[in-house]
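Descriptive analysis of the structure
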Amino acid sequence: MKLQAVELRRIHLPLVAPFETSFGVQTERDVLLVRAITDAGDGWGECVAGEEPTYSLEYVDGAQHVLIHHLLPRLLNRELASIEMAVLDAELRTQGRSFGSFFGAVRDEVDCGVSVGIQPSIADLLRTVGGYLDQGYRRIKLKIKPGWDVEPVRAVREKFGDVPLQVDANTAYTLADAEHLALLDAFGLLLIEQPMREELVFAHAEMAKIVRTPICLDESIHSWQAAADAIQIGACRVINVKPGRVGGYLEARRIHDLCAERGVPVWMGGMLETGIGRAGNVAMAAMPNFTLPGDTSASDRYYHRDITEPFVLHDGWLKVPAGPGLGVTVDEEFLESITTWEGRLGPAGLKTG
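Residues numbered from 1 in each chain as written. Predicted model: local features only at pLDDT ≥ 70, side-chain atom pairs only at ≥ 80, totals over all residues. Heavy atoms only, no water.

**Details of unusual backbone geometry**
Positive phi outside glycine occurs at glutamine 194, with the angle close to 40°. You can see glutamine 194 is positioned in the loop between strand S8 (192-193) and helix H7 (201-207). (Helix = DSSP H or I, 4+ residues; strand = E, 2+ residues; numbered from the N terminus.)

Structure, rendered in structure tokens:
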């Protein structure tokens, strides 16, 4: 397969409601989409980098620059087996094979959790969590930060009983907070996600000696090697897999396989993906070692209208797309209406529309 040209498109999608974490509040997404045009067919991909380098060092303007000026010029008109994500979609569509089949999915649906941002009050939190449970979500994840941790968790546990519950700190704490975070042990959490900064892998191993709740790493795991090192030193007992964070779906599969070999469960994270990224994530989450509910929420958790057919929750589960490639169809008329910039990179260079 040869990559002949690539269409890049920036779109603007407002969120259904503001989403607050320990590092800020997000009300909309500025999304970079990639359409690979090959000699065998087209495929779609989605860049999940944020507008600012807060969650990670990557950000959407930087990703676009690297694609245009460095990565894509080196790939045009070369023979390609499979690259992330759009070319893989094109290749699998040509073969009539789904993402799920390619990655060895063992289920035709996946159980879904939901991530709940930091709320203005405990009352708002309980109302929000109750609404998601009424919709059928099978696990609740609470975003936490210093000053918003023990009491919100206590309130949710007391109100909703033994609902599967976990927390995500997004690097907001230090090792000096370990005794405080150990107070969360009393609430029977599935895990505490990324308590400290991503480079503090050894410190996470030390925290794991104090906190009984399993430590899960997210931001720290940017590659197979990072996962192998973290597991080796006891820095985590669970790993969050996000294909966009680790360099793509092929690297994510390597991490899944490593964790399966080491007896470390994984679960699928989320980056407020559109239906393009959600399709790939749901397919990968059907692999055998994804044993915890992921943040693969329904489309209406984040968007009033998605750019593909919506993913709809049924009794807490999402169907794994079964069609060729990603198995979803992009609504190109709607896409045009929300596009803020577009360009096409081919052998003659970049042309913008």
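Picking up where we left off.
**A look at the sheet that holds strand S14 (residues 349-352)**
Taken in spatial order, the 5 strands make up an open sheet running S3-S2-S1-S13-S14, and their pairing is antiparallel. The sheet terminates laterally at strand S3 (41-47) and S14, the two strands that pair on one side only. Each adjacent strand pair in this sheet contributes to an overall mean axis angle of 25°, direction not counted. Here strand S13 (residues 339-346) pairs with S14 via 4 bridges, running antiparallel. Its bridge partner lying in S14, leucine 345 is registered against leucine 350. Packing of helix H2 (residues 86-95) onto the sheet brings it into contact with strand S1 (3-21), strand S2 (24-38) and S3, and relative to S3 it is tilted by some 145°. (Pairing = 2+ DSSP bridges. Axes fitted to C-alpha atoms, helices over the stretch in contact; angles between N-to-C directions. Contact = heavy atoms within 4.5 Å.)

**Considerations on the layout of surface pockets**
Of the pockets and cavities examined, the largest pocket occupies roughly 840 Å³. As for the largest pocket, its lining consists of 36 residues, and the residues nearest its centre are Glu46, Cys47, Leu67, Glu84 and Gly244. Those elements that provide at least two residues to the lining of the largest pocket are S1, S2, S3, helix H1 (60-75), H2, helix H9 (243-246) and helix H11 (275-284). At 7 residues, the largest contribution of residues to the lining of the largest pocket is made by H1. Its residues placed into classes, the lining of the largest pocket shows 22 nonpolar, 8 polar and 6 charged. Roughly 620 Å³ of volume is contained in the second largest pocket. The wall of the second largest pocket is formed by 31 residues, among which Phe23, Gln26, Thr54, Tyr55 and Leu272 lie closest to the centre. (1 Å grid on protein atoms, 1.4 Å probe; cavity = no way out; pocket = protein on both sides within 12 Å on 5 of 7 lines; lining within 4 Å. Points joined across faces, edges and corners; volume = space filled by probe spheres on them. Nonpolar A, V, L, I, M, F, W, Y, C, P; charged D, E, K, R; others polar.)

**Description of the sheet that holds strand S7 (residues 165-168)**
Spatial strand order, S5-S6-S7-S8-S9-S10-S11: 7 strands in an open sheet with parallel pairing. This sheet does not close on itself; its edge strands, each paired only once, are strand S5 (113-116) and strand S11 (266-268). Sheet topology note: the S8/strand S9 (residues 215-217) ladder contains 2 bridges and is parallel. The residue of S9 that forms the bridge with glutamate 193 is cysteine 216.

**With respect to the packing of aromatic side chains**
Aromatic ring pairs are reported here in terms of the distance separating the ring centres and the angle at which the planes meet. For the structure on display, the rule yields 8 aromatic pairs. An angle of 90° between the planes, with centres 6.1 Å apart, marks the rings of phenylalanine 19 and tyrosine 302 as edge-to-face. Within this pair, whereas phenylalanine 19 is found in strand S1, its partner tyrosine 302 is found in the loop between H11 and strand S12 (317-319), the two being separated by 283 residues in sequence. Here phenylalanine 19 and tyrosine 302 have matching classes, each one buried. (Phe/Tyr/Trp six-rings, centres within 6.5 Å; stacked < 30°, edge-to-face > 60°. Buried < 20%, exposed > 50% of the residue type's maximum accessible area, 1.4 Å probe, protein only.)

**Quick word on the packing of helix H8 (residues 224-232) against helix H10 (residues 249-262)**
Axis separation between H8 and H10 bottoms out at 9 Å; the angle between their running directions is 20°. Classified by the interaxial angle, the pair formed by H8 and H10 is roughly parallel. Pair H8 / H10 crosses with right-handed handedness. Contact with H8, carried on its side by Trp224, Ala227, Ala228, Ile231 and Gln232, involves Glu251, Arg254, Ile255, Leu258, Cys259 and Arg262 of H10 and no other residues of that element. (Parallel < 35°, antiparallel > 145°, perpendicular 65-115°, else oblique. Left-handed = near helix turned anticlockwise from the far one by under 90°.)

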